[in-house]
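Below are the chains, spelled out letter by letter.
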Amino acid sequence: MQTVFRIRRMSASLFFLALSLLLSSCLPQISVKAGSNDDAVVFFSTGFSQATAKTLQSINGADTNAPLFNKADVLSLLTSAGAVETSVSLPSATEITATGTIPHLATHQISQAGIIAKNAHSLTLTLGPNQISAFYDLLNDDVKSYLDLLMIPALIGEKMSVAEYTDLLASMYGPTFADEIVSGKLTIQFASPDGRKKLRETVTLGELLTMQTERTWSVNF
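A.B. asks: Is there a simple way to think about the pattern of salt bridges in this case?
C.D. replies: Side-chain pairing between opposite charges can occur once the charged atoms of the two side chains come close. Following the criterion strictly, the structure yields two salt bridges and no others. Put simply, R196 and D194 hold a salt bridge, and the shortest N to O gap is 4.0 Å. The same class applies to R196 and to D194, which are both exposed. Here R215 and E201 are joined by a salt bridge, their closest N and O atoms 2.9 Å apart. Of this pair, R215 sits in strand β9 (residues 215–220) while E201 sits in strand β8 (residues 198–204), and the two are 14 residues apart along the sequence. Assessed through its relative accessible area of 30%, E201 is described here as partly exposed.

Take a look at the structure:
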């Protein structure tokens, strides 16, 4: 019984982490600092309201009285993804912050998928339907099946406005859940190896999840 429970809890934690990377709310942030070699330090933070957290747990079939994230599972995920010097903290039952260093960015999956690119003079993040699909392909089948329930337009290739996607989510999971997800804002921050050159920009999740073309953010150094 303990083994079965552990597998189920691991799947739930990976689902919530993967979901938060695509459907972040509560002032989420992704920060990437270029290293002096072929490395980069990645910081990620996000959180959900209690109501949205319970909806996510209900979708997953998880215990709605348990914390949304599991620290050990997230650390294991970061390590299996090739990150070193990892750290995870849970400021509350519905929030998470995580950081890790990708030592060989050029050969890493997120670079090969065209999501993050780095050379001697720049660091670039590209997001669009192709990149979101590439991120989806990196996930296991359990997590994919949960994300499929959310009908993300940029992922399924469906042309849909932010308002139409909001209505879709509201019809499935309620207006509170839909509004928090779609109206959330993601802060993207890039920094040069010495920290002197920085880029900071905010994009709404509704725009991100319904995008039909690529958007690129870059810092030159």
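After that view of the structure, there is still more to cover.
A.B. asks: Help me understand a nonpolar patch on the surface, please; the structure alone is not making it clear to me.
C.D. replies: On the surface, M151, I156 and M172 cluster together into a nonpolar patch covering about 240 Å² of accessible area. Tracing the backbone shows M151 in the loop between α6 (141–148) and α7 (153–156).

A.B. asks: Got a minute to help me understand the nonpolar core in this structure?
C.D. replies: Side chains of nonpolar character tend, in soluble globular proteins, to be buried together. In this structure, I116, L123, L125, Y165 and F190 are the most contacted members of the largest nonpolar core, which totals 52 residues. Excluding anything up to four places from it in sequence, I116 contacts V32, L105, I110, S111, L123, T124 and L125.

A.B. asks: Quick question: what am I supposed to make of the packing of aromatic side chains here?
C.D. replies: Two descriptors summarise a pair of aromatic rings, namely the distance from one centre to the other and the angle between the planes of the rings. Going through the model one piece at a time under the given rule, you end up with one aromatic pair. Look at Y173 and F177: their rings are 5.5 Å apart centre to centre, the planes differ by 65°, and that puts the pair in the edge-to-face class. Take Y173: its relative accessible area is 23%, and that puts it in the partly exposed class. Assessed through its relative accessible area of 2%, F177 is described here as buried.

A.B. asks: Quick question: what am I supposed to make of the sheet that holds strand β5 (residues 116–118) here?
C.D. replies: In a beta sheet, neighbouring strands are held together by backbone hydrogen bonds and run either parallel or antiparallel to one another. Pairing within the open sheet is antiparallel, and its three strands lie in the order β5-β6-β9. The open sheet has two free edges, formed respectively by β5 and β9, since each of these has just one partner strand. On average, adjacent strands in this sheet sit at an angle of 15° to one another, irrespective of strand direction. Looking at chain direction, strand β6 (residues 122–127) and β9 are connected through six bridges and run antiparallel. Residue pairing across strands places L123 opposite V219, the latter belonging to β9.

A.B. asks: Would you take a moment to explain helix α8 (residues 162–173) for this structure?
C.D. replies: Every α-helix winds through 3.6 residues per turn, so residues three or four apart in the chain are directed the same way. Across its 12 residues, α8 extends 16 Å between first and last C-alpha, which sits within 8% of the 16 Å expected from 1.5 Å per residue. Looking at the residues trailing α8, positive phi occurs at G174, about 100°.

The rules we used
- Residues numbered from 1 in each chain as written.
- Predicted model: local features only at pLDDT ≥ 70, side-chain atom pairs only at ≥ 80, totals over all residues.
- Heavy atoms only, no water.
- Salt bridge = Lys/Arg side-chain N within 4 Å of Asp/Glu carboxyl O.
- Buried < 20%, exposed > 50% of the residue type's maximum accessible area, 1.4 Å probe, protein only.
- Helix = DSSP H or I, 4+ residues; strand = E, 2+ residues; numbered from the N terminus.
- Patch = residues over 30% accessible without salt bridge, like charges linked within 9 Å, V, L, I, M, F, W, Y side chains within 5 Å.
- Areas by Shrake-Rupley, 256 points an atom, 1.4 Å probe, with all protein chains shown as cover.
- Core = buried A, V, L, I, M, F, W, Y, C linked by side-chain atoms within 4.5 Å.
- Contact = heavy atoms within 4.5 Å.
- Phe/Tyr/Trp six-rings, centres within 6.5 Å; stacked < 30°, edge-to-face > 60°.
- Pairing = 2+ DSSP bridges.
- Axes fitted to C-alpha atoms, helices over the stretch in contact; angles between N-to-C directions.
- Expected span 1.5 Å × (residues − 1).

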